[in-house]
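Close look at the chain arrangement
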Amino acid sequence: MYRIGISTASMIVREVCIALWSVMRSECLPSPTQQQWESIAMGFEKTANFPNCIGAVDGKHIRLICPSSSGSMFYNYKDHYSIVLLAIADSKYRFVYVNIGSFGKDCDSAIFKRCGLWKSIETDRHQLPNEKCLPGTERPKVPYVIVGDEAFALHKHLLRPYGGSNLTVEKRIFNYRLSRARRYVECTFGILSNKWRIFHRPINVEPDFAVEIVKACIILHNFVRDRDGILIEDTTTITGLEDLPREATARGGLSANNVRQTFCDYFVSNVGAVPWQMSKI
């Protein structure tokens, strides 16, 4: 089409992708500071009614044509070959942190545990904002948290939904409120895929080249989000709470389960519940 050889076009695309990442990363995907984490948390509190949340984490499989001599390393549970894009997104549908290139067979939780950001959080080397009380309460101070789905392990800095089907009203409301915050990373992946249509089909390059392509798309995604802003209205509603009994519990502390229970209690309290939620109980 461009009257140049395939190898020449491939070289040009790769050089451009590497240049985008190396030149624009510091501007479009910087390592968050304490002030930036606090700003992200304010966004989640305003748009998702989830305070002390510094991001939503999830993984996305980037489809590949079967890499040569790779065996089953890139073969995932969805029955295709892929590398994993693990990402933390904010309430503006921007990527805050990405880990790109893990084997498709790896699960999101294992990848997250190995990533540099999580290791630094676990060992207290990464400076998260100081713990604080939830808005409008005098409860014990709780840490800032990342929200994820059932694939991730519960931690005082990582909240996941309550499991099971016979849940109390409090736990169902917590799961819903967590889902409201977690959906931002799902929407971010959707915006990324629809803006950069290369993700609509398997990428016919070697894995290391695919990593460079994903990096470039991440940078361009954040650049476009910063330029265009947010135009998506939040129209999510909650249903199915009318017939379940309430059970009052009150716990505190800094262990993982107690942190989650503190949020759970807060979401059904007079200061933590939103008006439409209380009308359903």
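These notes cover the structure that comes with them. (Residues numbered from 1 in each chain as written. Predicted model: local features only at pLDDT ≥ 70, side-chain atom pairs only at ≥ 80, totals over all residues. Heavy atoms only, no water.)

**Concerning the nonpolar core**
The test is simple: Put simply, buried Ala, Val, Leu, Ile, Met, Phe, Trp, Tyr and Cys residues joined by side-chain atoms within 4.5 Å make one nonpolar core. The classification of residues rests on relative accessible area computed with a 1.4 Å probe and restricted to protein chains. Under 20% of the type maximum is buried, over 50% is exposed, and intermediate values are partly exposed. In this description a helix means any DSSP run of H or I spanning at least four residues, a strand means any run of E spanning at least two, and both kinds are numbered starting from the N terminus. We call two residues contacting when some pair of their heavy atoms lies within 4.5 Å.
One finds F50, L85, V98, F112, F174, I218 and F263 to be the most contacted residues of the largest nonpolar core, which totals 76 residues. Ranked by the residues each element gives to this core, the list is headed by helix 5 (residues 169–195), at ten residues. The residues contacting V98, other than those within four sequence positions of it, are W21, L29, L85, L86, A87 and I218.

**Some remarks on the sheet that holds strand 5 (residues 158–159)**
Rules: A pair of strands is considered paired only if DSSP assigns at least 2 bridges between the two. Here an axis means a line fitted to C-alpha atoms, over the contact stretch when the element is a helix, while the angle between two N-to-C directions is reported on a 0 to 180 degree scale.
Read from one edge to the other, the open sheet built from five strands follows the order 3-2-1-4-5, with strand pairing classed as mixed. Each edge of the open sheet carries a strand with a single partner, namely strand 3 (95–103) and strand 5. Bridging between strand 2 (residues 81–89) and strand 3 involves seven bridges; their strand directions are antiparallel. Looking at the pairing, I83 lines up with F103 of strand 3. Along the sheet, helix 2 (residues 34–48) makes contact with strand 1 (53–64), strand 2 and strand 3, crossing strand 1 at roughly 90°.

**Description of helix 5**
We count it as follows: For a helix, the expected span equals 1.5 Å multiplied by the number of residues minus one. Given a residue, its bend is the angle between the two axes fitted to the seven residues that end at it and to the seven that start from it.
Between its terminal C-alpha atoms helix 5 stretches 39 Å, which fits the 39 Å expected from 27 residues at 1.5 Å a residue. At A181, helix 5 shows its maximal kink, close to 30°. The element helix 5 is largely enclosed, with a buried count of 19 among its 27 residues.

**Re the packing of helix 5 against helix 6 (residues 207–228)**
In plain terms, the rule: Each angle is binned into one of four classes, with values under 35 degrees roughly parallel, values over 145 roughly antiparallel, values of 65 to 115 roughly perpendicular, and all other values oblique. Basically, the charged four are Asp, Glu, Lys and Arg, the nonpolar ten are Ala, Val, Leu, Ile, Met, Phe, Trp, Tyr, Cys and Pro, and anything else, Gly included, counts as polar.
At a minimum axis distance of 10 Å, the contact between helix 5 and helix 6 shows a crossing angle of 105°. Between helix 5 and helix 6, the angle is such that the two are roughly perpendicular. Of helix 6, the residues touching helix 5 (which contributes T188, I191, L192 and K195) are C217, I218, H221, V224 and R225. Of the residues contributing to the contact of helix 5 with helix 6, the split by class is five nonpolar, two polar and two charged.

**Overview of the environment of V268**
By secondary structure assignment, the location of V268 is in the loop between helix 7 (256–267) and helix 8 (275–280). Judged by relative accessible area, which is 9%, V268 ranks as buried. In this structure the C-alpha to C-alpha distance between V268 and F174, which are 94 residues apart in sequence, comes to 8.5 Å.

**A closer look at unusual backbone geometry**
Phi is positive for Y93, which is not a glycine, with a value near 60°. With respect to the helices and strands, Y93 occurs in the loop between strand 2 and strand 3. Phi at D124 is positive, roughly 65°, even though this residue is not glycine. Exposure remark for D124: the relative accessible area of 56% places this residue in the exposed category.

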